[in-house]
Amino acid sequence: MSDVLVRARGLQVHFPVRARGLRRRRTGEVRAVDGVDLEIRRGETLGLVGESGCGKSTLGNALLRLVEPTGGRVEFDGTDVTALRARELRALRRRAVMVFQDPYASLDPRATVGQTVAEPLRVHGLHPGAAARAARVAELLELVGLDPAAAPRYPHEFSGGQRQRVGIARALAGEPDFVVCDEAVASLDVSVQAQVLNLLRELQQRLGLTYLFVSHDLAAVRHVSDRIAVMYLGRVVEVGDADAVSTRPQHPYAQALLSAVPLPDPAAERRRERIVLRGEVPSATRVPSGCRFRTRCPRAFAPCPDVDPALQEAEPGHRAACHLHGVVGTPVPAEQRGPA
Amino acid sequence: MSAGRTGHAGRAGDAQPVLEVQDLRVELDTPRGTASIVNGLSYSVAPGETVAVVGESGSGKSVSVMALLGLLPAHARVGGRALFRGRDLLAMGEPELRQVRGDGIGMVFQDPMTSLNPVLTVGRQITEGLLAHGRVAGGRQARERAAQLLADVGLPDPRAALGRFPHELSGGMRQRVVIAIALSGDPALLIADEATTALDVTVQAQILELVDGLRAEHGTGVVWITHDLGVVAGTADRVLVLYGGRCVEDGGVDDVFERPAHPYTQGLLGALPQLHDGPGGRRSELVAIAGAPPPPTDLPPGCVFHPRCPVRGDERCALEQPPLVPVALGARPDGTAVPHRAATFHDTAPGTGGAGS
Ligand SMILES: Nc1ncnc2c1ncn2[C@@H]1O[C@H](COP(=O)(O)OP(=O)(O)O)[C@@H](O)[C@H]1O
Ligand SMILES: Nc1ncnc2c1ncn2[C@@H]1O[C@H](COP(=O)(O)OP(=O)(O)O)[C@@H](O)[C@H]1O
Ligand code: SF4
Ligand code: SF4
Ligand SMILES: [Mg+2]
Ligand SMILES: [Mg+2]
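Residues numbered from 1 in each chain as written. Chains lettered and ligands numbered in written order. Predicted model: local features only at pLDDT ≥ 70, side-chain atom pairs only at ≥ 80, totals over all residues. Heavy atoms only, no water.

Novice: Kindly report on the sheet that holds strand 5 (residues 87-88) of chain B, identifying the contributing residues and their values.
Specialist: All names here are of chain B. Strand order in this open sheet of 4 strands is 2-1-4-5, and the pairing throughout is antiparallel. Looking along the sheet, the strands with just one partner apiece sit at the ends: strand 2 (33-45) and strand 5. As judged from the 7 bridges shared by strand 1 (residues 19-30) and strand 4 (residues 77-84), these two strands associate in the antiparallel manner. Along strand 4, the bridge assignment pairs L19 with F84. (Pairing = 2+ DSSP bridges. Helix = DSSP H or I, 4+ residues; strand = E, 2+ residues; numbered from the N terminus.)

Novice: Describe helix 5 (residues 139-152) of chain B, naming the residues involved and giving the relevant values.
Specialist: Residue and element names in this part refer to chain B. For helix 5, which comprises 14 residues, the first-to-last C-alpha distance of 20 Å matches the rise-based estimate of 20 Å (1.5 Å per residue) to within 8%. Taken as a whole, helix 5 has its buried residues at A142, A146, A147, L149 and L150. With its buried residues spanning 160° around the axis, helix 5 presents them on a single face. Among the structural elements, helix 4 (122-132), helix 6 (158-161) and helix 7 (171-184) are those in contact with the buried residues of helix 5. After helix 5 finishes, the residue G154 shows a positive phi value of roughly 80°. (Expected span 1.5 Å × (residues − 1). Buried < 20%, exposed > 50% of the residue type's maximum accessible area, 1.4 Å probe, protein only. Arc of directions from axis to C-beta. Contact = heavy atoms within 4.5 Å.)

Novice: Before we move on, could you go through the interface of chain A and chain B and cite the residues and values that matter?
Specialist: In this complex, chain A contributes 45 residues to the contact, which on the side of chain B involves 46 residues. Three residues stand out in chain A for area buried against chain B, namely V190, H223 and P264 of chain A, and they jointly supply 17% of the buried area on that side. Run the count over chain A and chain B and you get 1 salt bridge. In this structure, the salt-bridge partner of R270 of chain A is D254 of chain B, at a minimum N-O distance of 2.5 Å. The tally of links from chain A across to chain B stands at 11 residue pairs in polar contact (both at pLDDT 80 or more). Elements supplying a minimum of two residues to the side of chain A that touches chain B: helix 6 (190-207), helix 7 (218-224), helix 8 (242-247), helix 9 (252-260) and helix 10 (266-271) of chain A. Residue contributions to the side of chain A that touches chain B peak at 10 residues, all from helix 6 of chain A. In terms of residue class, the side of chain A that touches chain B is made up of 21 nonpolar, 11 polar and 13 charged. (Buried area = accessible area lost by both parts, 1.4 Å probe. Salt bridge = Lys/Arg side-chain N within 4 Å of Asp/Glu carboxyl O. Polar contact = N/O pair within 3.5 Å; in protein donor to acceptor, adjacent residues only side chain to side chain. Nonpolar A, V, L, I, M, F, W, Y, C, P; charged D, E, K, R; others polar.)

Novice: Quick rundown of the sheet that holds strand 11 (residues 325-328) of chain B? Include the residues and the values.
Specialist: All names here are of chain B. Strands sit in the order 6-7-8-3-9-10-12-11 across an open sheet of 8 strands; the sheet is mixed. Two strands close off the open sheet at either side, each with one partner strand: strand 6 (105-109) and strand 11. Across this sheet, the average inter-strand angle for adjacent strands is 20°, counted without regard to direction. Sheet topology places strand 7 (residues 189-193) next to strand 8 (residues 221-226); 5 bridges connect them, and they run parallel. (Axes fitted to C-alpha atoms, helices over the stretch in contact; angles between N-to-C directions.)

Novice: How would you sum up the packing of helix 3 (residues 113-123) of chain A against helix 4 (residues 130-143) of chain A? Please name residues and give values.
Specialist: All names here are of chain A. Close contact between helix 3 and helix 4 brings their axes to 10 Å; oriented N to C, the two are set at 115°. By the angle class used here, helix 3 and helix 4 are roughly perpendicular. Two packed elements cross with a definite hand, and for helix 3 against helix 4 that hand is right-handed. On the side of helix 3, the interface is formed by V113, G114, V117, A118, L121 and R122, while helix 4 contributes R133, R136, V137, L140 and L141. The residue makeup of the contact of helix 3 with helix 4, split by class, is 7 nonpolar, 1 polar and 3 charged. (Parallel < 35°, antiparallel > 145°, perpendicular 65-115°, else oblique. Left-handed = near helix turned anticlockwise from the far one by under 90°.)

Novice: Talk me through the site of ligand 1; I want residue IDs and the actual numbers.
Specialist: Residue and element names in this part refer to chain A. In the vicinity of ligand 1, the residues found are F15, V30, A32, E51, S52, G53, C54, G55, K56, S57 and T58. Within the backbone of G53, one N or O atom sits 2.7 Å away from an oxygen atom of ligand 1. Within the backbone of G55, a nitrogen or oxygen atom sits 3.0 Å from an oxygen atom of ligand 1. Relative to its free-state accessible area of 560 Å², ligand 1 is covered by the protein chains to the extent of 59%. Counting residues per element, the ones that place at least two in the shell around ligand 1 are strand 2 (26-41) and helix 1 (56-63). Ranked by the residues each element gives to the shell around ligand 1, the list is headed by helix 1, at 3 residues. (Near = heavy atom within 4 Å. Areas by Shrake-Rupley, 256 points an atom, 1.4 Å probe, with all protein chains shown as cover.)

Novice: Please provide a residue-by-residue account of the site of ligand 3, values included.
Specialist: Taken together, 13 residues form the shell around ligand 3, and within it C291, C297, C304, C322 and H323 of chain A come nearest. Split into classes, the residues belonging to the shell around ligand 3 amount to 9 nonpolar, 2 polar and 2 charged.

Novice: Before we move on, can you summarise the packing of aromatic side chains with the specific residues and values?
Specialist: Tallying each qualifying case throughout the model produces 7 aromatic pairs over all chains. Where F76 of chain A meets F178 of chain A, the ring centres are 6.3 Å apart and the plane angle is 45°; that geometry is what we call tilted. Residue F76 of chain A is located in strand 4 (residues 71-76), and its partner F178 of chain A is located in strand 7 (residues 178-182); the two are separated by 102 residues in the primary sequence. The class for F76 of chain A is buried, based on a relative accessible area of 4%. Summarising the aromatic geometry, the rings of Y232 of chain A and Y253 of chain A are spaced 4.5 Å apart at their centres and angled 50° between planes, so their arrangement reads as tilted. In this pair, Y232 of chain A sits in strand 9 (residues 227-232) while Y253 of chain A sits in helix 9, placing the two residues 21 residues apart along the sequence. The structure contains a cluster of three or more aromatic residues connected by ring pairs, namely Y232, Y253 and F293 of chain A. It is R153 of chain A that lies over the ring of F158 of chain A; its NZ or CZ is 4.7 Å from the centre. Between the NZ or CZ atom of R316 of chain B and the centre of the ring of F345 of chain B, over which it lies, the distance is 3.9 Å. (Phe/Tyr/Trp six-rings, centres within 6.5 Å; stacked < 30°, edge-to-face > 60°. Lys NZ or Arg CZ within 6 Å of the ring centre and 35° of its normal.)

Novice: Could you give me a rundown of the domain arrangement of chain B, with the residues and numbers involved?
Specialist: Residue and element names in this part refer to chain B. Taken as a whole, chain B is organised into domain 1 (2-104 + 188-260 + 324-342) and domain 2 (114-184). Its C-alpha centre places domain 1 at a distance of 26 Å from the equivalent point of domain 2. Of the residues lining the interface, 12 residues belong to domain 1; the matching set on domain 2 comes to 11 residues. Taking both partners together, domain 1 and domain 2 bury about 980 Å²; carbon and sulfur atoms supply 67% of that area. Here domain 1 is connected to domain 2 by 1 salt bridge. With a shortest N-O distance of 2.5 Å, D103 and R135 are connected by a salt bridge. Connecting domain 1 to domain 2 are 3 residue pairs in polar contact (both at pLDDT 80 or more). Of all the elements, helix 8 (residues 201-218) adds the most residues to the side of domain 1 that touches domain 2, at 6 residues. (Domains from an automatic or database assignment.)

Novice: Please provide a residue-by-residue account of the confidence of the model for chain B, values included.
Specialist: All names here are of chain B. This prediction gives chain B a mean pLDDT of 88; 91% of its residues lie at or above 70. Per-residue pLDDT, averaged within each element of chain B, yields its smallest value for helix 1 (residues 11-14) (52) and its largest for strand 9 (residues 238-243) (98). Here residues 1-11 is a poorly scored stretch, pLDDT under 50, and it has 27 contacts once near neighbours within four places are set aside; other chains count. Segment residues 351-357 is flagged for pLDDT under 50; beyond a separation of four residues in sequence, or across chains, it makes 19 contacts in the model. (pLDDT = per-residue confidence, 0-100.)

Novice: Can you break down the pattern of salt bridges residue by residue, with the values?
Specialist: Opposite charge on two side chains lets them pair, provided their charged atoms get close. Residues and elements named next belong to chain B. Summed over all chains, the structure comprises 42 salt bridges over all chains. Between R332 and E49 there is a salt bridge, with the nearest N and O atoms lying 2.6 Å from each other. Of this pair, R332 sits in the loop between strand 11 and strand 12 (340-342) while E49 sits in the loop between strand 2 and strand 3 (50-54), and the two are 283 residues apart along the sequence. As far as burial versus exposure is concerned, R332 and E49 are alike and both buried.

Below you can see the structure in the form of structure tokens.
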């Protein structure tokens, strides 16, 4: 058994951009995920960070095949997910699940908590029979720290943190191996967020789960992750051990991002040097040639527009896609080298 | 006792406050009963001082400032006083308040589109205010001043930006425009309510730096409202911690973050994941606060935090409301004295929940 549970190779998700009007002519594409190589190891938490629009959710969805990749491949436990047929896809849906951000929007307001948690059991034909199913629902509610007596109640009777627990119970109903948590604590208050982060950690230990923890909150990611991947404009630009990435970021973008995270420590804040980036993230419909960060990079140099940097080892187990660590990557054809 | 950096008297401590809120109260009737949203809030803001109001969602932060600006529904019952340059905002009529809002108090909210008109160009939106308040002689001068304001807030190519519509700008750029509009009236007081909450951290860092620079340059008093404790550590002089519509702790930013005295503040800081945990701290258990904040229609008697409080010393906590009293001499980052206060019967050992030490 390989120690890698999920692997993406050259993964691409490009969305067509269409003109308005009847014919809706295709005028370009959003390169939401644009050549991602990534491995997620069994039993680990891989944190995925990056600013809004960089492609985190699309990547998470593509790994679960909730959106169709337009290029590259995804392997789940050794099988190519992009080639699965309906029946195999259903098996994948049981083993690889998503916990969503918004506990308000992701639960059906007309279904009781018990019905919501039982739904995956029904879909996958697990624990058949009313009594067995009710027992399993009670077990799941208890697992996430809710009173099993809550099963007949409706989502609006619960607080945000409790609703997120319901969402987690539902995700875990089919005994998955892999859970994508997409901004799973983003809408919760600090005190409640801590409860849910603790719960996720405890569940991982008890059930041997593998997590992709997607968040814009670097402190939360740092807290839960074994390794961290940093995304910029559709590409993973840095990946490594959580301590290494958060204390010794190697890619200039990761360095700027980490320096911008506010610390709840006045003395440390006053000592801090911020790397303030110029300009804004370019549109994913017009990705700069060569290194996609070059238009904002304070350290860009000659090869940056001409060679698309590959992830390479900056220190053991810690990789970055930047020419400062050696000019390695795919040369840009001369006619595509723009000044932009 | 904390080592307050008392000593020389400084600017922030001495000056006549721009804003003085005294015993602010807001009640609203709702289908679930009377909501006691703000329950006796008092604070002041000196020129050039940044006062952060922090608390979890529903603690009454937004309502407490909307009350000052006359932006609450008409059936809201507002009590107390709010002196802006000595005049009570709560006693003003709508025309007078509108005048103050455009000329004296600047406002920045979380969603820039609540302050911007989607069908007017950025230029129009700034020049209208300038002309209405007689800050410029005519249209040409108004455009000059508008371009200058956009340059001040760091908009690239400000002249071209005058002709743009809000939807043509990114979220960060829109928020800069809102700040430019807020500054166009040369405000003595800037109120920012979750102004960077919707922005990415790199853009947030730019905006925080921008506002702090403008504060320092113009001596503007700033009320910075946020649920994010990290955001205020770097910029605030003083912090107020709100819970259930009450201030449960206030003081200089270092005092509150490094030596929190109230169990709720300690809990909040302990619940925060840390970016710079040591390797041993990673993946350790966060110290969560049990339960959830109470709704304003159903505040507990006694100490508002007592149902969730891990300390809860004795019977008194459930029966009596602890007053906000000094727990230590304290100081702002510039060294000027400001008391460190907390509303708790049991001041637990300093530093237990602190993030800084
Ligand atoms: N269904 C879609 N159609 C077109 N563009 C999309 C779609 N989903 C996402 N995008 C675009 O893809 C990019 C990445 O989005 P997303 O994966 O949601 O980023 P993140 O989760 O990091 O904020 C953005 O530019 C977004 O607008
Ligand atoms: N117009 C209103 N009518 C009734 N309740 C309100 C109204 N506005 C706010 N509230 C309630 O007052 C409390 C405080 O709200 P708010 O000031 O927005 O909190 P914060 O800004 O700290 O998140 C919340 O419980 C909210 O539901
Ligand atoms: S490759 Fe060049 S532009 Fe890209 S991050 Fe490295 S130095 Fe900056
Ligand atoms: S007064 Fe009592 S219940 Fe309230 S915070 Fe202090 S110890 Fe806790
Ligand atoms: Mg997303
Ligand atoms: Mg608010």
